[in-house]
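# Structural characterization, general
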Amino acid sequence: MTTILPTPDTAGRVPIGYPGATDVDFTDLAPLMARKLLNNVGDPYVDGASPGHTKAAERQVVEIIADLVRAGDDRWGYVTTGATEGNLWALREARRRHPTGIVCYTTAAHYSVPKAIDLLAMPSVVVAADDRGEMDYTDLRRRLTKHPGRPALVVATAGTTMTEAVDDLYQINAVLDDIGVPARYVHVDAALAGIPLALLEPDQRPGFDLADSIVVSGHKFLGTPFPCGVLVTSAAAPTQAPVSYIGSPDTTITGSRNGHAPLILRSALQRHGLSGLRTRAEHARELAAHTLTQLTEIRWPAWRHPHAFTVVLDRPPPPAVAARWSIPTENRRSHIVCMPGLTQHDLDRFVNDLRNATRRQRRPIPRPRTAIGYRTGNP
Ligand SMILES: Cc1ncc(COP(=O)(O)O)c(C=O)c1O
């Protein structure tokens, strides 16, 4: 993915194709940079030998996200470098619990999922996704029945990268029940959509949070100024003896861990409060709905999933427009992501740019002049 610049370019255009919120100003936390090293090495629930850490804040962040995703009393988690690390942690944990398990993920899953499978050298099957990016549950059944007696290690996605589709855990669990898998581990990659979906009213909320583990990114909806994420599991803390050098169990993927990230995440969560976060999510959805209407008016083929910030463009914009607004394309499909921080004005300007580019493309091409009337060849 290309670099995301939160500031407009010289023509006032802002990137709208990648999901980083830009509405939060963290400069009040600049004094944190003047402090000594903050390193949360080891398990967040065991402070360990080194005093320069922010594990109390890390535990608060994990608790807030765990409450949002309705984790039970047995819960654990930590602040990661991003959703990618959370996916790796979850697959490693799935294998630890069910060593003979087979990983299932869809063609719409983020590229970090097959990468983690490759790193861990785990057996896997790729399940089809439907045209809008959601898991094809019939295909899940078909694939798993070819591996009878093997535990199913499913990576579902809540908010796929290109279309923000949400895999339905009720349907996944129904398939696993029906074919009688001997054991299961279900992880949800909820990098972008986890927090916004969790803020919906219970009767509107899709079935995405009844899992063994879930990960959200911090730099997407919460807009932290550097990449980070939060992994939450619905199980007690992994039991491991402390590593004597650090005085804390080595339960995370990386060793040294960013101690500033929990402070910034906690601030992002607390400065808005749940109702402020909900308002931001609702506003982003309104922007997406408005933009979809505008696109429909100019007859650009576009659609969005319910609750999504993402508006999918079934025809990619002309390359110049895509480059101007940082819009990605994959398999002949593009999208824009209406994140907090964008304004209706920004998005209207994009639609206008698209309209103008289309008009230019439709303008009749002047007929080539023939050689008649012109001198050609050598004088
Ligand atoms: C569904 C999904 N999972 C994982 C990731 C990677 O997240 P991170 O950048 O936090 O590692 C992304 C990023 O776009 C994503 O869309």
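Scoring rules and cut-offs
- Residues numbered from 1 in each chain as written.
- Predicted model: local features only at pLDDT ≥ 70, side-chain atom pairs only at ≥ 80, totals over all residues.
- Heavy atoms only, no water.
- Pairing = 2+ DSSP bridges.
- Helix = DSSP H or I, 4+ residues; strand = E, 2+ residues; numbered from the N terminus.
- Contact = heavy atoms within 4.5 Å.
- Axes fitted to C-alpha atoms, helices over the stretch in contact; angles between N-to-C directions.
- Buried < 20%, exposed > 50% of the residue type's maximum accessible area, 1.4 Å probe, protein only.
- Right-handed = clockwise from strand over helix to strand, strands pointing away.
- Core = buried A, V, L, I, M, F, W, Y, C linked by side-chain atoms within 4.5 Å.
- Domains from an automatic or database assignment.
- UniProt positions renumbered as here; feature names shortened; annotations may be inferred.
- Polar contact = N/O pair within 3.5 Å; in protein donor to acceptor, adjacent residues only side chain to side chain.

On to the sheet that holds strand 11 (residues 333-337). The antiparallel open sheet is built from four strands, whose spatial order is 8-9-11-10. Of all the strands in the sheet, just strand 8 (302-303) and strand 10 (329-330) have a single pairing partner and so form its edges. In terms of strand pairing, strand 8 meets strand 9 (residues 310-313) through two bridges, oriented antiparallel. Residue pairing across strands places Ala-302 opposite Leu-313, the latter belonging to strand 9. Running over the sheet, helix 7 (residues 260-297) touches strand 8, strand 9 and strand 11 and is turned about 20 degrees from strand 9.

Let's shift gears to the pairing of strand 3 (residues 124-127). Burial along strand 3 is one-sided: Val-125 and Val-127 are buried, and none of Ser-124 and Val-126, which face the opposite way, are. Both strand 2 (residues 102-106) and strand 3 contribute to a ladder of four bridges, which runs parallel. When the bridges of strand 3 are listed, Thr-106 appears paired with Val-127. Of the crossover connections in this fold, the one passing from strand 2 over helix 3 (residues 112-120) to the parallel strand 3 is right-handed.

Counting residues in each nonpolar core, the largest one holds 64 residues, and the members touching the most others are Ile-172 and Val-232. Broken down by element, this core gets its largest block of residues, nine residues, from helix 7. Shared between two domains, this core holds at least three residues of each, these being domain 1 (28-272) and domain 2 (274-361). When near neighbours in sequence (up to four residues on either side) are disregarded, Ile-172 contacts Met-135, Tyr-137, Leu-140, Val-154, Ala-156 and Asp-167.

Our focus in this paragraph is the UniProt feature "modified residue: N6-(pyridoxal phosphate)lysine" (unreviewed entry) in the protein chain. Within the UniProt annotation, "modified residue: N6-(pyridoxal phosphate)lysine" (unreviewed entry) is assigned to Lys-220. By the secondary structure assignment, Lys-220 is in the loop between strand 6 (213-217) and strand 7 (229-233). Sequence-distant contacts of Lys-220, defined by excluding residues within four places in its chain, comprise Pro-19, Gly-20, Ala-21, Ala-191, Leu-192 and Met-339. Within polar-contact distance, the side chain of Lys-220 engages the side chain of Ser-217 at 3.0 Å.

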